[in-house]
Protein chains: 2
Amino acid sequence: MLKNWEPPEIPEKEELKQRLDAASSKLYKMQMQIKECKLPVLVLFEGWGASGKGSTIGRVIKNIDPRFFKVATMSSPSKDELRRPFLYRYFKQIPEEGKFTFLDSGWMEQTCKDCLDGLDEDAYSKRIESIKRFERQLTDNGYLVLKFFMHIEKDEQKSRMNTLLQSPDTSWRISDFDAWQNKHYKKCRKIFDYYMTDTNLSTSPWYIVDATDRKWAELQVMETMVSNIEVALQNSAHSAPLLQNVFPLTKLPRLSEIELKNKTIEDEDYKKELKNLQKKLRELHNRIYRKRIPVIITYEGWDAAGKGGNIKRITEALDPRGFEVHPVASPEPHEKSRHYLWRFWTRLPKDGHIAIFDRTWYGRVMVERLEGFCRENDWKRAYNEINEFEKELSDWGAVIIKFWVQIDKDTQLARFTDRQNNPEKQWKITDEDWRNREKWDAYEVAVNEMLAKTSTVYAPWHVLESVDKKYARIKALKIVIKELEKALK
Amino acid sequence: MLKNWEPPEIPEKEELKQRLDAASSKLYKMQMQIKECKLPVLVLFEGWGASGKGSTIGRVIKNIDPRFFKVATMSSPSKDELRRPFLYRYFKQIPEEGKFTFLDSGWMEQTCKDCLDGLDEDAYSKRIESIKRFERQLTDNGYLVLKFFMHIEKDEQKSRMNTLLQSPDTSWRISDFDAWQNKHYKKCRKIFDYYMTDTNLSTSPWYIVDATDRKWAELQVMETMVSNIEVALQNSAHSAPLLQNVFPLTKLPRLSEIELKNKTIEDEDYKKELKNLQKKLRELHNRIYRKRIPVIITYEGWDAAGKGGNIKRITEALDPRGFEVHPVASPEPHEKSRHYLWRFWTRLPKDGHIAIFDRTWYGRVMVERLEGFCRENDWKRAYNEINEFEKELSDWGAVIIKFWVQIDKDTQLARFTDRQNNPEKQWKITDEDWRNREKWDAYEVAVNEMLAKTSTVYAPWHVLESVDKKYARIKALKIVIKELEKALK
């Protein structure tokens, strides 16, 4: 892209001023439409050191009400961030509906730096795949993603750096990398070029900005923003193609085929096994921690299937400094107004830690599907989006253990009734539980589809037969132990 | 893509039958919606020889009324087709609104064959760019583009071929290339894999079909078609991002800056020059013909600017077997119902020939823009689409000469009045001409934008000052001669 790019001609001073005024007032007017149409806008500024990314953002945001935007400067990842998946710190920053996020450099800079540090070809390809999926998931889910590359020539960069370095007030703005970049301008340019060609998606294309003149750069950015926002506002309910699954799947039985009857355990055996298994798990947790392997355990299942008690038997065995349980209820407003995976991305564990999710992102293809909380295209796309999400976690090195806690309809009724009649358990049963129960058959269809489409080899589902809760607990412990041992090998 | 792909599990016979029935009846019902929503659907079948592309198409179309689809088998390009741009034969085949085209192999097969024949890396990259632009232009313009790759393993292919070869009734279906393919299966697979990875666009993704079992292959195709059509029907008026211009531009004056007054020629000089230049052009046409250089000359300009007379002075000098003039009026229904460039793609000259267009594809950003014949997003996207189209022609080797024939408003009035008052010329003036004249100022804005955005170095605009028509004719001849000489060097 950069190779063939030629800067457009700078307009005359008077024209530039007029066009800038026009773009400013358009952008100013647009913020309310963006708010009304609930359009989230992510604006990424990449480019050369000293090309004026920060100052351009500073001028652009003058046209926007401070309640409607956030600016994030992505310096090098912190120690904590380095212990999460590559995309973690970027996913975190995605805007809410109706708002802007401006990123002062992002996944391009980090990737190109890693390339210069010797990222090999395979790792680079994988990274590009991740980035393309990330951006496509955003645009598929209604985000406007604008990517600017601020371009200046080598001499211009050199002279800017020299100016900045002359004063202690500004010299901090030139990093070691910036200086290195100027010395190896040609090499960097080539890497930037490859990266942009590889990630020039039709739904989130690159815009190269001639950043030689600051006002002119601002105008190019403003006009591109305005015209792209205009287009995005026309597409409020756009549906995206349903992609083919490209991940190998494992075969799971349908719910109706799962034998529940003989899955029981004697009390004596239970106590003994529980003790042994928990001891074993405690040891493994230590080794996982030292080897910095991230672990993600998820629970889905029918109401009153026994998820809570099951989770408790796992956590009893874990060092509290190394795990977290995330009970997942309906999303908060600030969660609902972002990509549905945002609240899970932001809850990912550090490596070496265990995160247990009591209900998960699979809500998208169960409750959200059945209650109409999202469009048909949204939940149909979600199978692939979730497989991609878990692939990201798996490539990061995470052990992913997904449980479906299964009971039959009669067992649920007995437990509901028991809860209803028992004052101490009444808090555990709500009208909603009864309403959901009425939709059992529809849920069963959705769950079967979910199990069939998202049981990938890197993140397979495990069924816990839980009419006898004790049986289910032992089985869960055994699976967790087995998976951790596999990962430690 | 192929590398990591694993075939999904074949459903039981009974389930397969049920799902096939369901998909069939859905597709059957959808045809009317497709018609109503004016959705054009292009279904491309690529894949291994003997994978059953043709027979799958045969079974799919049984669910569609014959008035609503066309099947095109793309065998090797004919001699005539080889004298056109690579995409010519494919663009020709794109469906009308509300209809299907099924292609039995297409631009993938041709590209992969060319790769096996030694297409070098640069040429391959260029080809991939062309293909991505082609598909993106279709989906941006509201087309649904479905790409299937029919996959079978080496042994399966071998055994199918042997069966087919045993009978003279079927042996013709195995081409030399098919046989070669089976021998070099691994090499072919690698090339297919690269190609699919390179062209897996988010708006026109690949779907790999496990074609081992014919019924099962049919089901995969049918279900993918149905779900994608459902999605596409939701997006009838989708707007696409406006891409940045990536082609180097030449600077043109605004219309108001063009000096018209002193651009005249004496009658004596005109006659002499005309004779000499036409003689020169005649010679050049011969050389162009022998060297097989395609030439495209286009005329746009104000009504009564003198386009017709200008064209005549060019064609007088040409051998009638080697040129064609295409007068372009409003599109016919079958043209209007396709991508707006279709009627120009199908009129491209063979190499060595000269095509002269009296009005052109630039109607998109002039009359269609001003009369509201297309949406704002459509004409705004068109600058880039046209630059891409002309890039395609230029890469093919074409000389592209674009004339803007310029007069002032008073001159137009004088000529209109003259036409009106002269019985022999009255046919040349219509009410529409007068109506367009009223929109002169709006046209001027549009023309200025067009000249600024589409005067690329490989297809620059030339202004013909035509208050003195003779001056304009001599200038046009000189430009044509100069450009042809440049191409012959």
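Residues numbered from 1 in each chain as written. Chains lettered and ligands numbered in written order. Predicted model: local features only at pLDDT ≥ 70, side-chain atom pairs only at ≥ 80, totals over all residues. Heavy atoms only, no water.

**Quick look at the relation of the copies chain A and chain B**
- After a rotation of 180 degrees and a shift along the axis of 0.0 Å, chain A superposes on chain B with an RMSD of 0.0 Å. Such values leave the two copies arranged in the relation of a two-fold axis.
- Most of the interface of chain A is mirrored in chain B, where 100% of its interface residues again form contacts. (Least-squares fit on C-alpha atoms with pLDDT ≥ 70 in both. Contact = heavy atoms within 4.5 Å.)

**Things to note about unusual backbone geometry**
All names here are of chain B.
- Positive phi, normally seen in glycine, also occurs at Arg-292, with a value near 55 degrees.
- Examined against the element boundaries, Arg-292 turns out to sit in the loop between helix H12 (267-290) and strand E6 (295-301).
- Phi at Ala-304 takes a positive value of approximately 70 degrees, unusual for a residue other than glycine.
- For Ala-304, the position within the fold is in the loop between E6 and helix H13 (307-315). (Helix = DSSP H or I, 4+ residues; strand = E, 2+ residues; numbered from the N terminus.)

**Section: the state of the cysteines**
All names here are of chain A.
- Inspection of every chain in the model, using the stated rule, returns 0 disulfides over all chains.
- Among the cysteines around Cys-37, which has no disulfide bond, Cys-374 carries the closest sulfur, lying 20 Å off.
- Using a relative accessible area of 36% as the deciding quantity, one classes Cys-37 as partly exposed. (Disulfide = S-S within 2.5 Å. Buried < 20%, exposed > 50% of the residue type's maximum accessible area, 1.4 Å probe, protein only.)

**A few points about empty space enclosed by the protein**
- Per the stated rule, a full pass over the model turns up 7 cavities of 30 Å³ or more.
- Its volume calculated, the largest cavity comes out at about 100 Å³.
- Together, Leu-87, Phe-91, Ser-130, Arg-133, Phe-134, Gln-137, Leu-341, Trp-345, Glu-388, Phe-389 and Glu-392 of chain A line the largest cavity.
- Elements represented by at least two residues in the lining of the largest cavity include exactly helix H6 (121-140) and helix H16 (376-396) of chain A.
- When residues in the lining of the largest cavity are grouped by element, the largest group, 4 residues, is from H6 of chain A.
- As a volume, the second largest cavity reaches approximately 80 Å³.
- Every residue lining the second largest cavity is listed: Leu-87, Phe-91, Arg-133, Phe-134, Gln-137, Leu-341, Trp-345, Glu-388, Phe-389 and Glu-392 of chain B.
- Of all the elements in the fold, those that place two or more residues in the lining of the second largest cavity are helix H6 (121-140) and helix H17 (376-396) of chain B.
- For the lining of the second largest cavity, the residue count by class is 6 nonpolar, 1 polar and 3 charged. (1 Å grid on protein atoms, 1.4 Å probe; cavity = no way out; pocket = protein on both sides within 12 Å on 5 of 7 lines; lining within 4 Å. Points joined across faces, edges and corners; volume = space filled by probe spheres on them. Nonpolar A, V, L, I, M, F, W, Y, C, P; charged D, E, K, R; others polar.)

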